[in-house]
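In case you want the letters, here they are:
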Amino acid sequence: MYKFFFQLVFKRMDAERAHHLAFRWIRLAARVPVLRTFLAAALAPRYKELRTEALGLRMHGPFGLAAGFDKNAVAIDGMAMLGFDHVEIGTVTGEPQPGNPKKRLFRLVADRALINRMGFNNEGSAAVAARLAARNPVFRTTVGVNIGKTKVVPEADAAADYVKSTERLAAHADYLVVNVSSPNTPGLRNLQATESLRPLLTAVREAADRTVTHRRVPLLVKIAPDLADEDVDAVADLAVELGLDGIIATNTTIAREGLGLTSPPELVRETGGLSGAPLKERSLEVLRRLHRRVGDRITLVGVGGIENAEDAWQRILAGATLVQGYSAFIYEGPFYARAIHKGLAARLAASPYATLADAVGAENRKAAK
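Presented here is a report on the structure given in the accompanying data block.

1. Let's talk about the packing of helix α5 (residues 125-134) against helix α6 (residues 158-169)
Each pair of packed helices can be summarised by the angle the axes make with each other and by the distance between the axes.
Alright, step 1. As a packed pair, α5 and α6 sit with axes 9 Å apart at the nearest point and diverge in direction by 15 degrees. The angle between α5 and α6 places the two elements in the roughly parallel class. Here α5 and α6 pass one another in a crossing that is right-handed. Seen from α5, the contacting residues are Ser125, Ala126, Val128, Ala129 and Leu132; seen from α6, they are Ser165, Arg168 and Leu169.
Alright, step 2. For the contact of α5 with α6, the per-class residue count stands at five nonpolar, two polar and one charged.

2. Concerning the packing of α6 against helix α7 (residues 194-211)
Alright, step 1. Where α6 contacts α7, the two axes come as close as 9 Å, and the packing angle between them is 25 degrees. Considered as vectors, α6 and α7 are oriented roughly parallel to each other. Note that α6 runs across α7; the crossing there is right-handed. Residues Ala158, Ala159, Tyr162, Val163, Thr166 and Glu167 of α6 form the contact with α7, whose own contacting residues are Leu200, Ala203, Val204, Ala207, Ala208, Arg210 and Thr211.
Alright, step 2. Its residues assigned to classes, the contact of α6 with α7 shows nine nonpolar, two polar and two charged.

3. What to know about the sheet that holds strand β11 (residues 273-276)
Alright, step 1. Taken together, three strands build an open sheet; the order of strands is β5-β6-β11 and the sheet is antiparallel. Two strands in the sheet have a free side with no partner beyond their single neighbour: β5 (105-108) and β11. The mean angle between the axes of side-by-side strands here comes to 25 degrees, regardless of whether they run parallel or antiparallel.
Alright, step 2. The pairing of β5 with strand β6 (residues 113-116) spans four bridges and is antiparallel. Pairing of Arg107 across the sheet is with Leu114, part of β6.

4. A word on helix α3 (residues 33-43)
Alright, step 1. Of the residues making up α3, those classed as buried are Arg36, Leu39, Ala40 and Leu43. All buried residues of α3 project into a common sector of 100 degrees when viewed along the axis, lining one side. Opposite the packed face of α3, turned more than 90 degrees from it, sit the exposed residues Val34, Thr37, Phe38 and Ala41.
Alright, step 2. Turning to α3, the residues buried within the fold contact α2 (15-31), α4 (76-81) and α13 (336-350).

5. Quick word on the side chain of Ser181
Alright, step 1. The topology assignment puts Ser181 in the loop between β8 (175-179) and α7.
Alright, step 2. A polar atom in the side chain of Ser181 sits 2.8 Å from the backbone oxygen of Lys222.

6. Describing the packing of aromatic side chains
Alright, step 1. For the structure on display, the rule yields nine aromatic pairs.
Alright, step 2. Judged by centre distance (5.5 Å) and plane angle (90 degrees), the ring pair of Phe84 and Phe329 falls under edge-to-face. Remark: Phe329 occurs in helix α12 (residues 327-332) and Phe84 occurs in the loop between α4 and β4 (86-93); sequence separation between them is 245 residues.
Alright, step 3. The buried category is assigned to Phe329, whose relative accessible area is 8%.
Alright, step 4. Members of the aromatic cluster, each reached through a chain of ring pairs, are Phe23, Phe63, Phe69, Phe84, Tyr326, Phe329 and Tyr336.

Rules behind the numbers
- Residues numbered from 1 in each chain as written.
- Predicted model: local features only at pLDDT ≥ 70, side-chain atom pairs only at ≥ 80, totals over all residues.
- Heavy atoms only, no water.
- Axes fitted to C-alpha atoms, helices over the stretch in contact; angles between N-to-C directions.
- Helix = DSSP H or I, 4+ residues; strand = E, 2+ residues; numbered from the N terminus.
- Parallel < 35°, antiparallel > 145°, perpendicular 65-115°, else oblique.
- Left-handed = near helix turned anticlockwise from the far one by under 90°.
- Contact = heavy atoms within 4.5 Å.
- Nonpolar A, V, L, I, M, F, W, Y, C, P; charged D, E, K, R; others polar.
- Pairing = 2+ DSSP bridges.
- Buried < 20%, exposed > 50% of the residue type's maximum accessible area, 1.4 Å probe, protein only.
- Arc of directions from axis to C-beta.
- Polar contact = N/O pair within 3.5 Å; in protein donor to acceptor, adjacent residues only side chain to side chain.
- Phe/Tyr/Trp six-rings, centres within 6.5 Å; stacked < 30°, edge-to-face > 60°.

By themselves, these observations are geometric and do not establish any function.
Okay, structure coming up:
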């Protein structure tokens, strides 16, 4: 039904306008008590065998919504209603900003992909922190907060900008993510170099500990799939050295060649980050490399091209404790999370593993024997 509706309505509509329309419907549905209860029962059934512990947190399952969909923390209950086990809001910047000029979001339907150059459009960390502080949750879910650099802030002052957001948002975050991997903020990816990343992550960790004294806020870093293998290794080593809690692999890619894209050339040539199915292989490759490097010392989150339960299962076997989706949600619709949960439960039952935790990284353990 949704796919027919997508072809009939959303496919003909500007991608960003369609996003805002669907987003509005989700938010409205979550405000109606009887409707949200019905939808949650239909779209978010719970499987006891999928219960997950990660980052010191207990979750209904391993599958969450990646950052970028709910930039301003306005639809957390709506996304939980649709079955996402955790919701990562943002990316949030120190100051409010409109993002890049429109048109800035493009569907590559033939490739089941998106290109975006949104540019961290958001209301800023002060507004988002106020909204999170005032939130009265309807559904229990884990809330991650993804923070990035304000565009007008010079690269040399990036750490102070991230610290500002940390001081405002850490108290409201179940976990915090430092995003240094979006291709749509000039100079941002330069911060992935370890000589820049070390002081940045250290400053954010110290700010989080200084701001929230009654608990330790888990801290993760999100990296790009375009990093060279030796740079992936360097980030992994740095994360272990600094005692980070996790790495999210991966963000969008600026690559176009070698991905087998079949969409019209004028679409493929659009600048910005490519997400969705074409990113699947490289994201999985980066995840495998990270797990071989860090083992179970830190939590790995697999994201990029996860379209179905088999994709999610492969990420788990490769070392991901948590997995996230976004682009496929646009194409699969409201039953996306339900289908992944059902498929994961079936794969776990058919596997030699007693629990989902036992399956995490099994592929690498098997290869090491």
